[in-house]
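Below are the chains, spelled out letter by letter.
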Amino acid sequence: MTTPANDPQARPVPVLSFSPVILSVPGRPVDLQVRVSAPATGTNLPVILLSHGHGPSNNLSSLNGYAPLANLWAAHGFVVIQPTHLTSRTLSHLVADATGAPDFWRSRAEDMTHILDQFDVIERTVPQLAGRVDPTKIALAGHSLGGFTAALLLGAGLTDPDTGRLVHLAEPRIKAGVLLAAPGRGGDAFNGPMAQQWPIIGAVDFSTMTTPALIVAGDKDDPQHFTDMGPDWHTDPYTLAPTPKTLLTLFDAEHGLGGIAGYDAAETTDENPQRVTALAHLTASYLHTQLHPGAPAWQTACEALMTGPDPIGRAESK
């Protein structure tokens, strides 16, 4: 049996990165721009849609961020697609008064559906990509606010603050997800100083998030601005969602999880290149196993990175 091109245990290959790919979306105040990173070789390639967060940097919260993850994922056989959501600081001067500002919660999720709807455009536009993608193997990852977006696409409900109605934006073409330092529950636990400014964060209902997902949380990621629950708040998408779910707790990691938003990013409070590399391998291995049932990549990666005298973290599943 041949080894799938995106086996994380295989030798990495050179990466092609192409941006911006411009997608026209009726009603969106600006065109949807995406970056596509893909391995230079291989066919039947699976896809990871990557939703950026909302950090203090001007440019990392856009298609230009998260290179430490995107590059490694692409080097191990995934096609990585990164949109610039309307929350990006690079667009603030253009969309400040647009419908949905400032959180654009619905638009962020809909960006991923638009990407899948126009995948033929992406394949035609990106050199050397056409005919190399497996459209049945779609995964999703998101960091921080991107984790919030990912939860909605994986099936979580959200109470629309404008109408009081429960909204579902699940995207059935997405087969697995990774939530990185994602927000947790609302209710009484949502009691920090930023809770009133961003009430939408606490409006998510994880009980319907049925798509298989890996939830990644740092055990030193204390979201005091949103809650007094401590780092456990970031594990809510695991504890409150139905099976099948896996929780990866990274030791000594804060909100940047070692620096995933960008190389040498000043905003990273816990810079640790080894942790970032390990996390990239673990997430790639999880998604590989989810998209290729029976593949041992996740188990192999866990044994390599979470056993021995200096484990990167711990994992549990339900």
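The coordinates are above.
Anyway, here's the lowdown on the structure attached to this text.

Rules used throughout
Residues numbered from 1 in each chain as written. Predicted model: local features only at pLDDT ≥ 70, side-chain atom pairs only at ≥ 80, totals over all residues. Heavy atoms only, no water. Helix = DSSP H or I, 4+ residues; strand = E, 2+ residues; numbered from the N terminus. Buried < 20%, exposed > 50% of the residue type's maximum accessible area, 1.4 Å probe, protein only. Contact = heavy atoms within 4.5 Å. Salt bridge = Lys/Arg side-chain N within 4 Å of Asp/Glu carboxyl O. Pairing = 2+ DSSP bridges. Lys, Arg positive; Asp, Glu negative; His and termini not counted. Axes fitted to C-alpha atoms, helices over the stretch in contact; angles between N-to-C directions. Parallel < 35°, antiparallel > 145°, perpendicular 65-115°, else oblique. Left-handed = near helix turned anticlockwise from the far one by under 90°. Nonpolar A, V, L, I, M, F, W, Y, C, P; charged D, E, K, R; others polar. Phe/Tyr/Trp six-rings, centres within 6.5 Å; stacked < 30°, edge-to-face > 60°. Lys NZ or Arg CZ within 6 Å of the ring centre and 35° of its normal.

1. Describing unusual backbone geometry
Across the junction of Ser19 and Pro20, the peptide omega takes the value -10 degrees, indicating a cis bond. Its identity as a non-glycine residue notwithstanding, Ala181 has a phi of 50 degrees, on the positive side. Of note, Ala181 is situated in the loop between strand S8 (176-180) and strand S9 (204-205). Take Ala181: its relative accessible area is 1%, and that puts it in the buried class. Positive phi, normally seen in glycine, also occurs at Leu257, with a value near 50 degrees.

2. Re the environment of Ala156
By secondary structure assignment, the location of Ala156 is in the loop between helix H5 (145-153) and strand S6 (157-159). Using a relative accessible area of 0% as the deciding quantity, one classes Ala156 as buried. The spatial distance from the C-alpha of Ala156 to the C-alpha of Ser317 is 19 Å, given a sequence separation of 161 residues. Residues in contact with Ala156, not counting those within four places in the same chain, are Ala151, Val167, His168, Val204, Asp205, Phe206, Thr208 and Met209.

3. Section: the pattern of salt bridges
One pass over the full model with this rule turns up nine salt bridges. With its nearest N and O atoms 3.7 Å apart, the salt bridge here joins Arg106 to Asp160. One end of the pair, Arg106, is in helix H3 (residues 105-117); the other, Asp160, is in the loop between S6 and strand S7 (166-168), and 54 residues separate them in sequence. Classification of Arg106 by relative accessible area gives partly exposed; the value is 33%. Salt-bridge contacts for Arg275 lead to Asp270; the nearest nitrogen and oxygen are separated by 3.2 Å. Of the two residues, Arg275 and Asp270, neither departs from the other in class, the shared state being buried.

4. Notes on helix H1 (residues 67-75)
In terms of residue burial, H1 counts as a mostly covered element, since seven of its nine residues are buried. Regarding H1, the residues found buried are Pro68, Leu69, Ala70, Leu72, Trp73, Ala74 and Ala75. Of the residues one or two after H1, Gly77 is the one with positive phi, at around 100 degrees.

5. Some thoughts on the sheet that holds S6
Here we have three strands laid out as an open sheet, ordered S7-S6-S9, and antiparallel in their pairing. In this open sheet, the two strands that pair with only one neighbour each are S7 and S9. Judged from the three bridges that link them, S6 and S7 form a sheet pairing that is antiparallel. Paired with Gly157 across the bridge in S7 is His168.

6. A closer look at the side chain of Arg132
Along the chain, Arg132 falls in the loop between helix H4 (119-125) and strand S5 (133-143). Buried charge without a partner: Arg132 forms no salt bridge, and the closest opposite charge is Glu123, 8.5 Å away.

7. A closer look at the environment of Leu145
Tracing the backbone through its elements, the reader meets Leu145 in helix H5. Note on Leu145: relative accessible area 7%, which makes it buried. The spatial distance from the C-alpha of Leu145 to the C-alpha of Gly53 is 4.6 Å, given a sequence separation of 92 residues. Contact partners of Leu145, with chain neighbours within four places excluded, come to His52, Gly53, His54, Thr87, Arg108, Trp198 and Ile201.

8. What to know about the packing of H1 against helix H7 (residues 273-291)
Close contact between H1 and H7 brings their axes to 9 Å; oriented N to C, the two are set at 50 degrees. With respect to H7, the axis of H1 lies oblique. Helix-helix and strand crossings are classified by hand; for H1 and H7 the assignment is right-handed. Touching Pro68, Leu69, Leu72 and Trp73 of H1 are Val276, Thr277, Ala280, His281, Thr283 and Ala284, all from H7. Here the contact of H1 with H7 is built from residues that sort into seven nonpolar, three polar and no charged.

9. Regarding the environment of Gly55
By secondary structure assignment, the location of Gly55 is in the loop between strand S3 (45-51) and H1. The spacing of Gly55 and Gly256 is 201 residues in sequence and 9.5 Å in space, taken between C-alpha atoms.

10. A short note on the packing of aromatic side chains
What the rule picks out here adds up to four aromatic pairs. Ring centres of Tyr286 and Trp298 lie 5.7 Å apart, and the angle between their planes is 85 degrees; this geometry places the pair in the edge-to-face category. One end of the pair, Tyr286, is in helix H7; the other, Trp298, is in helix H8 (residues 297-305), with 12 residues separating them in the sequence. For the pair Tyr286 and Trp298, a shared accessibility class is recorded, and that class is buried. An aromatic cluster is defined as three or more aromatic residues linked by ring pairs; in this entry it consists of Phe190, Phe226 and Trp233. Positioned above the aromatic ring of Tyr238, the side-chain terminus of Lys318 is 5.0 Å from the ring centre.

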